[in-house]
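Analysis of the macromolecular model
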2 protein chains.
Amino acid sequence: MNNRRILAVGSVALDSVRTPFGKVREALGGSAAYFSASARFFSPVSVVAVVGTDFPKKHLHLMQGLGIDTHGIQREEGKTFRWSGFYDYDLNNAHTLETQLNVFKNFKPKLSEKNKKSPFVFLANSDPGIQEAVLGQVKNPVLTACDTMNYWIQNKKTGLTRLLKKVDIFLLNDSEARQLSGEYNLIRASQWILGRGPRLLVIKKGEHGVICVSKNFIFLAPAFLLEKIFDPTGAGDSFAGGFMGYLTRSPHLDESTVRRAVVYGSVLASYNVESFSLKRVVSLKRSDIEKRYKQFQKLTKF
Amino acid sequence: MNNRRILAVGSVALDSVRTPFGKVREALGGSAAYFSASARFFSPVSVVAVVGTDFPKKHLHLMQGLGIDTHGIQREEGKTFRWSGFYDYDLNNAHTLETQLNVFKNFKPKLSEKNKKSPFVFLANSDPGIQEAVLGQVKNPVLTACDTMNYWIQNKKTGLTRLLKKVDIFLLNDSEARQLSGEYNLIRASQWILGRGPRLLVIKKGEHGVICVSKNFIFLAPAFLLEKIFDPTGAGDSFAGGFMGYLTRSPHLDESTVRRAVVYGSVLASYNVESFSLKRVVSLKRSDIEKRYKQFQKLTKF
């Protein structure tokens, strides 16, 4: 199993979220937390992140209880990264009320010897310079993926372009793909991005599903249709967790594995949005994942 | 073949459209024109509509050349229905500049004896009272479908609710489904609408595909991914044409036929948006349709 170990570098945060269906204060969140809670169903995951001295121990214990390796989570003097925001009925758009980077602001991860040997690497959204510096520490990775966000596209495009030459898989949402490429049409945007390095591109469209593009194929997956979407926070990172987790089984990015990985990613994301924070994903059994994967087949076959 | 005849009641119009890729003035348009140009690949279609004395004969000849029965298109004293509008890069939203109903305003179709015997009926978007009056003239229809729009939901909800008790299939877009049901979530919206009469509901989401719902199953289809979308006008009616056309092969709404019909509808809609007016669909061969159907399978299988 160790040759399928995933290193997830990103944030572990305290999120305060309000949706039309309720609210939560300072709940466990952050890209690396969401990613790892989903990916652990498929592969061992080790998280690299930073938290402040105020970070509740119970959150760390929760992650450890899920089998997540947390030795790379540093505790620094200061406060933990906090995000607060809300969603209206149009749950596809997050409205940020406040972002406090706190200890995350000066986060420059130094990987342990164990983490340097990770065959699989997921670089969650952060400064492309940091992402690149982390990647440089990993010895002979088998498969690497990164995410990003509008802020880095606007302010660190050179660094992001350099990073894209070094990763195998790039995940971002549809508006970010348009922003980065300057192309409104998503096929053209994909071609532009694939021309910058990555072998595989995953464009996340929230409730409208996913477009996965390589030089050889395109795969369109709708999002799982849910009657209750409680809180979309973390959907993209849960997707990435299920997706990357499944890919560790066959890291050559062959077409049929990638297609199934997209669906597993969608399954994890669909469970994640059924509750606040990591609640639903924490309570999942592996059989729940297979069950929804089969439902996904029923929903889409023709 | 006559037992598969479709009656299409709606508008035949002159459209002036501007998109980021060009513009066209007073081109052939209207729901019944778009519907019939797509449906004719599968079944004989007879159009019931009204045009003014200014309606160019060439448009009528074009439709006849496609094998469309136009004996139900009345020519009335006055001007033809005109719509003008534009689209920005976000081609999912039409911006109306002007709607001139003209002769369409007082359109109260009286069906010919031949049209009264149509086994299949498509009532394109118009006043629900008119749609119901037309439906009442058809003798023993086998399968009936209707479309609508936000204006009628807001202003003629009672009439629309009465109509829904009498049709088998109801097509509308996602924002209309939300408006009609008062439910933001599309599963709940679907349940609300299916509780009002129709056996099958098709929610059109434009570039984000289609959700098709019956009491027994849900089918999610993404929209075909295109590199060039020239003009989205008529996409919904082209969809309905391909969908309804395919359904005439097996009108019992069995699950697998319905699923394939949704994909055929999506194929026709995807071709339609590749040019202004009916241009692309007019030039299609049946083999083009099968080709894209197969591409659709490739895009979505996992």
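Calculation criteria
Counting restarts for each chain: residues are numbered from 1 in the order of the written sequence. A letter from A marks each chain and a number from 1 marks each ligand, given out in the order of writing. In view of the model being predicted, local features appear only for residues whose pLDDT reaches at least 70, and side-chain atom pairs are presented and counted only at 80 or more, with totals across whole chains, interfaces and linings using the full set of residues. Heavy atoms from the whole structure form the basis of all side-chain values; hydrogens and water molecules are not counted. Where helices and strands are cited, they refer to DSSP runs of H or I of at least four residues and of E of at least two residues respectively, numbered from the N terminus. Our radius of gyration is a C-alpha quantity, and the globule rule it is checked against amounts to 2.2 Å times the number of residues to the power 0.38. The cut-offs for exposure are 20% and 50% of the maximum accessible area for each residue type, with area from a 1.4 Å probe on protein chains only; residues under the lower value are buried, those over the upper are exposed, and the others partly exposed. Should any heavy atoms of two residues lie within 4.5 Å, those residues are counted as being in contact. Where accessible areas are quoted, they stem from the Shrake-Rupley method and a 1.4 Å probe; at the residue level, only the protein chains shown are allowed to cover. Positive residues here are Lys and Arg, negative ones are Asp and Glu, while His and the chain termini are left out of the count. Throughout, a charge is located at the NZ atom of Lys, the CZ atom of Arg, the CG atom of Asp or the CD atom of Glu. The copies were overlaid by least squares, fitting only the C-alpha atoms of residues that reach a pLDDT of 70 or more in each copy. Take a side-chain nitrogen of Lys or Arg and a carboxyl oxygen of Asp or Glu: if they are within 4 Å of each other, that pair is a salt bridge. The rule is short: rings of Phe, Tyr and Trp, with Trp giving its six-membered ring, pair when the centres are within 6.5 Å, and they are stacked under 30 degrees, edge-to-face over 60, tilted in between. The rule is short: NZ of Lys or CZ of Arg within 6 Å of the ring centre and within 35 degrees of the ring normal puts a charge over the ring. By buried area we mean how much accessible surface two parts lose on assembly, using a 1.4 Å probe and totalling the loss over both. In protein, a polar contact requires one atom able to donate a hydrogen and another able to accept it; more generally it is a pair of N or O atoms within 3.5 Å, and residues adjacent in sequence count only if both atoms are side-chain atoms. Between any two strands, pairing holds if DSSP finds at least two bridges. Only the stretch in contact is used when a helix axis is fitted, and all axes are lines through C-alpha atoms; the angle between N-to-C directions ranges over 0 to 180 degrees. Working definition: the arc comes from the directions between the helix axis and the C-beta atoms, pointing outward to the latter.

With that out of the way, let us pick up the overall build of chain A. Along the backbone of chain A there are twelve helices and 13 strands. Its C-alpha radius of gyration of 18 Å places chain A within 12% of the 19 Å reference for a compact globule of 302 residues. Projected onto its principal axes, the C-alpha positions of chain A cover 50 × 40 × 40 Å. Considering chain A as a whole, with its 302 residues, one finds that 61% of them fall into the buried category. Long-range pairs, those at least 24 residues apart, make up 63% of the contacts in chain A between residues at least 6 apart in sequence. Total accessible area computed for chain A in this model is approximately 12200 Å², and 50% of it derives from carbon and sulfur atoms. For chain A, the distance from the average site of its 43 positive side-chain charges to the average site of its 26 negative ones is 4 Å.

Before going further, it helps to spend a moment on the relation of the copies chain A and chain B. Relative to chain B, chain A is turned by 180° and slid 0.0 Å along the rotation axis, the superposed coordinates differing by an RMSD of 0.0 Å. Taken together, the rotation and translation describe the operation of a two-fold axis.

So, on to the pattern of salt bridges. Enumeration over the complete set of coordinates arrives at 32 salt bridges over all chains. We note a salt bridge from Arg 162 of chain A to Glu 132 of chain A, for which the minimum N-O separation is 3.0 Å. Of this pair, Arg 162 of chain A sits in helix H6 (residues 157–164) while Glu 132 of chain A sits in helix H4 (residues 128–137); the two residues are 30 residues apart in sequence, bridging distant segments of the chain. You can call Arg 162 of chain A partly exposed: its relative accessible area is 41%. You can call Glu 132 of chain A buried: its relative accessible area is 13%. Residue Glu 207 of chain A is joined to Arg 178 of chain B by a salt bridge in which the shortest nitrogen-to-oxygen separation is 3.9 Å. With Glu 207 of chain A in the loop between strand S11 (200–204) and strand S12 (210–214) and Arg 178 of chain B in helix H7 (residues 174–181), this residue pair bridges two chains. Salt bridges linked by common partners bring Arg 5, Asp 69 and Lys 114 of chain A together as one network.

Another aspect to go through is the packing of aromatic side chains. Counted according to the given criterion, the structure contains 34 aromatic pairs over all chains. Relative to Phe 243 of chain B, the ring of Phe 239 of chain B has its centre 5.6 Å away and its plane inclined at 15°; by these criteria the two rings are stacked. Of this pair, Phe 239 of chain B and Phe 243 of chain B both sit in helix H9 (residues 235–247), four residues apart, roughly one helical turn. By way of ring pairs, the aromatic residues Phe 42, Phe 219, Phe 224, Tyr 246, Tyr 264, Tyr 293 and Phe 296 of chain A together with Phe 302 of chain B are connected into one cluster. Between Arg 196 of chain A and the ring centre of Trp 192 of chain A, over which it is positioned, the NZ or CZ distance is 3.8 Å.

This part is about the interface of chain A and chain B. Counting residues at the interface gives 31 residues for chain A, matched by 31 residues for chain B. Between chain A and chain B, a total of about 3100 Å² is buried, with carbon and sulfur atoms accounting for 61% of that surface. Inspection of the chain A/chain B interface yields two salt bridges. The interface formed by chain A and chain B contains twelve residue pairs in polar contact (both at pLDDT 80 or more). Breaking the side of chain A that touches chain B down by element, the ones donating at least two residues are helix H8 (186–194), strand S13 (218–221), helix H10 (255–272) and helix H12 (286–300) of chain A. It is H12 of chain A that provides the largest number of residues to the side of chain A that touches chain B, a total of six residues.

All names here are of chain B. Taken together, the four strands give an open sheet; going across it, the order is S3-S2-S6-S7, and neighbouring strands pair in mixed fashion. Of all strands in the sheet, those with a lone pairing partner are strand S3 (22–29) and strand S7 (95–100), marking the two edges. Ignoring strand direction, the axes of neighbouring strands in this sheet form an average angle of 10°. Pairing of strand S6 (residues 82–86) with S7 involves five bridges; the strand directions are antiparallel. Looking at the pairing, Arg 82 lines up with Gln 100 of S7. The strands that helix H2 (residues 57–65) touches are strand S2 (13–19) and S3; relative to S3, the one it contacts most, it runs at about 75°.

Let's shift gears to helix H2 (residues 57–65) of chain A. Residue and element names in this part refer to chain A. When H2 is considered as a whole, its buried residues turn out to be His 59, Leu 60 and Met 63. Here the buried residues of H2 occupy an arc of 100° about the axis, which is enough to place them on one side. Opposite the packed face of H2, turned more than 90 degrees from it, sit the exposed residues Lys 57, Lys 58 and Gly 65. Those residues of H2 hidden inside the fold are in contact with strand S2 (13–19), strand S3 (22–29), helix H1 (31–39), strand S4 (45–52) and strand S5 (69–76).

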